[in-house]
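Fold and contact review
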Amino acid sequence: MEATQCIFCNLATGQMPSKKIYEDELITAILDIYPANPAHLLVMPKEHKAIFAQLPKATAERFGLVAKKLSELIFRVLRPEGLNIFIANGAIAGQKAPHFIMHVIPRFQGDGINFEIAEKEAKIDDVDALCSKLRKDVLNYFPEQKFEEEKEEKSVEQRLEERKKPKNIDLDRITKMFE
Ligand SMILES: [Zn+2]
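Numbers given for residues are sequential positions, taken from 1 along each chain in its written order. Local features in a predicted model are, by the rule used here, given only for residues with pLDDT of at least 70; side-chain atom pairs are given and counted only at 80 or more, and totals for whole chains, interfaces and linings are based on all residues.

1. Some details on the environment of N140
By the criteria applied, helices consist of DSSP H or I runs no shorter than four residues and strands consist of E runs no shorter than two, each listed in order from the N terminus. Its location among the elements puts N140 in the loop between α3 (124-138) and α4 (156-162). Counting along the chain gives 22 residues from N140 to E162, while the straight-line C-alpha distance between them is 11 Å.

2. What about the domain arrangement of the protein?
Where each domain begins and ends follows an automated or database-derived domain assignment. For the protein, the assigned domains read domain 1 (3-107) and domain 2 (124-172). The gap between the C-alpha centroids of domain 1 and domain 2 is 32 Å.

3. Some words on the pairing of strand β3 (residues 41-45)
Burial analysis of β3 places 5 of its 5 residues in the buried class, which makes it a mostly covered element. We treat two strands as partners when DSSP finds at least two bridges between them. Where strand β2 (residues 27-31) and β3 come together, 5 bridges link them in antiparallel fashion. What sits directly across from A29, in β3, is V43. Looking at chain direction, β3 and strand β5 (residues 102-107) are connected through 3 bridges and run antiparallel. Looking at β5, one finds that L41 is bridged to V104. Partly exposed residues are those whose C-beta has more than 12 but fewer than 20 other C-beta atoms within 10 Å; 20 or more makes a residue buried and 12 or fewer makes it exposed, with C-beta atoms placed from the backbone.

4. Regarding the nonpolar core
Grouped together as the largest cluster of nonpolar side chains are 21 residues, with contacts concentrated most on A29, V43 and M44. For this core, the elements supplying multiple residues, two or more each, are α1 (7-12), β2, β3, α2 (57-78) and β5. Think of it this way: build a C-beta for each residue from its backbone, and any pair within 7 Å is a contact. When sequence neighbours within four positions are dropped, the list of residues in contact with A29 reads I21, Y22, L41, L42, V43, V66 and L70. Buried Ala, Val, Leu, Ile, Met, Phe, Trp, Tyr and Cys residues form a nonpolar core when they are connected through C-beta atoms within 7 Å.

5. Some words on α3
What a helix should span is 1.5 Å times the count of its residues minus one. In a regular helix each residue adds 1.5 Å, so 15 residues correspond to 21 Å; α3 covers 21 Å between its end C-alpha atoms and thus fits that length. Buried residues are scarce in α3, accounting for 0 of its 15 residues.

6. A few points about the pairing of β5
On a regular strand, one side chain projects to one face of the sheet and the next to the other, so that they alternate. Pairing of strand β4 (residues 82-87) with β5, which is carried by 6 bridges, proceeds in the antiparallel orientation. For G82, the partnering residue across the bridge sits in β5 and is R107.

7. Here we look at α2
If you check α2, its first and last C-alpha atoms are 31 Å apart, about what 22 residues at 1.5 Å a residue would give, namely 32 Å. Among the residues of α2, F63, V66, A67 and L70 are the ones counted as buried. Looking straight down α2, one finds its buried side chains confined to an arc of 115 degrees; they lie on one side. Along α2, exposed side chains directed more than 90 degrees from the buried face belong to K57, A58, E61, G64, L65, K68, K69, E72 and R76. Where α2 is buried, its residues meet β1 (20-23), β2, β3, β4 and β5. As used here, the arc is the angular range of directions from the helix axis to the C-beta atoms.

8. Brief notes about unusual backbone geometry
Excluding glycine, most residues fall at negative phi; most peptide bonds, likewise, are trans. A positive phi angle, near 70 degrees, is found at A39, a position not held by glycine. Positive phi, normally seen in glycine, also occurs at R79, with a value near 50 degrees. In this structure R79 comes out as exposed when scored by C-beta crowding, with 9 C-beta atoms within 10 Å.

9. Things to note about the sheet that holds β1
Pairing is antiparallel in the open sheet, where 5 strands are placed in the order β1-β2-β3-β5-β4. Looking at the sheet topology across the chains shown, the edges are occupied by β1 and β4. Going across the sheet, the axis of each strand differs from the next one's by a mean of 15 degrees, ignoring polarity. Note on definitions: angles span 0 to 180 degrees between N-to-C directions of axes, and those axes are lines fitted to C-alpha atoms, for helices only across the stretch in contact.

Below, the structure is given as structure tokens:
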């Protein structure tokens, strides 16, 4: 999808009218006109990106801070009993359009919204195997990360040298699901 055809690009950049609550050079937050609850906010990057992993670093960092402050604002002004911050990455996860959206949803007793997450049984061996698999690659994202099990003291440079080299990650396969 071209950015110019994307309704959320147009909302984020002001090409389409909206009930804007916050805007900076990277992000716009508006009131959802189909809210799950009153004051349901849509927080969007101005740049057309589909999923969280594709956001530029500065935009991703800004999202954390903006979400914190918007949730404070809602807690203070509207006094909800709770609040969900929700992101769907990919159609299978419930994403409806290929433009990244962080939903900020105030919650009230008996509001009928259900975010219940399943709790499946897992075998401890499977969890251990998954843990090792993820830790092999974590240095590519967090070069300073260390785990208590590491026996030898190695420099970050040594550890980066020995790391599992990243494969080309095809995030487009997630966004292609919308086409
Ligand atoms: Zn867009």
